[in-house]
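What follows is the residue order along each chain.
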Amino acid sequence: MSQIDILMPVPLPQLVRDALGSRYKVHQLWLDADKEATLARVGGDIRAIATGAPILAEDMVYPISPALMQRLPKLEIVANLGVGYDNVDAQWAASQGICVTNTPDVLTEETADTAFGLTLNAIRQFPRAEKYLRDGKWLTRPFELTASLRGRTMGILGLGRIGKAIAQRAEAFGVKVIYHSRNRASDVSYPYMDSLIALARACDILMIVVPGGPATRNIVNKEVLEALGPNGVLINIARGTIVDEPALIEALRNRTILSAGLDVFADEPRVPPELIAMDHVVLLPHVGSASQATRDAMSQLQVDNLDAWFAGTDVLTPVAETADRNALAAA
Ligand code: 8YV
């Protein structure tokens, strides 16, 4: 087999680097001081991009835009590490016959666990209670009483694979589930709300699980937070861009809502200092899928997708826009 050149714009797990490095010529763009020069030199040879989100440093080539892809005339496939692929213009890629893959399923349960951990921590304030103990304050008096998970209704925004795994956990905890998504799901009996605002009004835990990207930018805004109300808790394990962050800060400051549990932010890894200063909010550094086992499974799936493509067989997990190899060939 002749050499296959792969562009890696951002640092990916060692498993991916080792596996791809053993069978392909990998150009680790993120290591190059002069990225423009590298792109000019190797752009004409690149047949695949292996990428992932989130960005970890200021100057990395990110996102995978039409402008970047146009500079790679032999590009056939973009393999993304992560189920969310708002970092890749998959629509444009499909129109050019470029395949896009992601890493669904293998991270579903891990991410649902994170969502539930955030939910419990935001409602029962366990991180603050733990700090209270560590600070020696328990020696003088017990920690304050908190809100409760009991009697709550969880409103899930986006009932895909991860949304359904969260719903199962909620049911096991005795929490009622309702949902809103683009389409009503035929395989669940949870009540469907026909708008986000109706969902927010009818629940007191608003769980965000929809994909990021232009269609969902800032949809959780001031009005939605007002509808969620003073006993309401917002949990976001999807993308920070979905929430109007200044509106959320205001809502938390004014106690328009009770609390929030956030794994994602609009401008990662920068988190607004206003949020960091609030101790009734639980903040995580985008660790939804970040266990060793799950990241290994995601990494392996990304590699398997590239191997399948270059072996001439169907990729394992094409994104919705990509359809299949035959459709791409016709593009
Ligand atoms: C990862 C994620 O943080 O899968 C996603 O969409 O956001 C996370 O699992 C990320 O994609 C790893 O690069």
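Structure's up top.
Every chain begins its residue count from 1, and numbering advances along the sequence as written. Where totals are concerned, whole chains, interfaces and linings use all residues; where local detail is concerned, this predicted model gives features only for residues with pLDDT of at least 70, and gives and counts side-chain atom pairs only at 80 or more. As a convention, hydrogens and water are excluded, and side-chain values are obtained from all of the structure's heavy atoms.

## Focus: helix H1 (residues 14-23)
Now for step 1: Of the positions making up H1, those classed as buried are Val16, Ala19 and Leu20. Buried residues along H1 cover an arc of 90 degrees about the axis, so they all sit on one side.
Now for step 2: The contact definition used throughout considers only heavy atoms, calling two residues in contact when any of these lie within 4.5 Å. Starting at the N terminus, helices and strands are each numbered in turn, a helix being any DSSP run of H or I of at least four residues and a strand any DSSP run of E of at least two. Lining the buried residues of H1 we find strand S1 (5-8), strand S2 (25-28), strand S3 (46-52) and helix H12 (292-310). When accessible area is computed with a 1.4 Å probe and restricted to protein chains, residues below 20% of their type maximum are described as buried, those above 50% as exposed, and intermediate ones as partly exposed. The arc in question is formed by the directions pointing from the helix axis toward the C-beta atoms.

## So, the sheet that holds strand S10 (residues 259-262)
Now for step 1: A pair of strands is treated as paired once DSSP finds two or more bridges between them. Pairing is parallel across the open sheet formed by 6 strands, whose spatial order is S7-S6-S8-S9-S10-S11. Looking along the sheet, the strands with just one partner apiece sit at the ends: strand S7 (176-180) and strand S11 (281-283). Looking at each pair of strands side by side, their axes are set apart by 15 degrees on average, direction ignored.
Now for step 2: Relative to strand S8 (residues 205-208), strand S6 (residues 153-157) runs parallel, the two sharing 4 bridges. Counted as the bridge partner of Ile156 is Met207 from S8.
Now for step 3: Helix axes use the C-alpha atoms of the stretch in contact, all axes being lines fitted to C-alpha atoms, and the angles between their N-to-C directions lie in the range 0 to 180 degrees. Sitting on the sheet, helix H5 (residues 108-124) touches S6, S8, strand S9 (233-236), S10 and S11, and the angle it makes with S9 is about 150 degrees.

## Observations concerning the packing of H1 against H12
Now for step 1: Remark: H1 packs on H12, axes separated minimally by 9 Å, with the N-to-C direction vectors making an angle of 25 degrees. It follows that H1 is roughly parallel to H12 by the angle criterion. When the axes of H1 and H12 are compared, the crossing they make is right-handed. Counting all contacts with H1, which are made through Leu15, Val16, Ala19, Leu20 and Arg23, the residues of H12 involved are Asp296, Ser299, Gln300, Gln302, Val303, Leu306 and Asp307.
Now for step 2: Amino acids outside the nonpolar list (Ala, Val, Leu, Ile, Met, Phe, Trp, Tyr, Cys, Pro) and the charged list (Asp, Glu, Lys, Arg) are all regarded as polar, and Gly is one of them. Residue composition of the contact of H1 with H12, grouped by class: 6 nonpolar, 3 polar and 3 charged. An angle below 35 degrees is treated as roughly parallel, one above 145 as roughly antiparallel, one from 65 to 115 as roughly perpendicular, and anything else as oblique. What makes a crossing left-handed is the near helix being turned counterclockwise from the far one by less than a right angle; a clockwise turn instead makes it right-handed.

## Digging into the packing of aromatic side chains
Now for step 1: In this scheme Phe, Tyr and Trp rings, the latter by its six-membered ring, pair at centre separations within 6.5 Å, and the angle between planes marks the pair as stacked below 30 degrees, edge-to-face above 60, and tilted otherwise. In the structure shown here, the tally under the stated rule is 4 aromatic pairs.
Now for step 2: Seen from their ring centres, Tyr24 and Phe310 are 5.7 Å apart, and the 55 degrees between their planes marks the pair as tilted. Linking Tyr24 in the loop between H1 and S2 with Phe310 in helix H12, this pair joins segments that are 286 residues apart in sequence.
Now for step 3: Since its relative accessible area comes to 13%, Phe310 is described here as buried.

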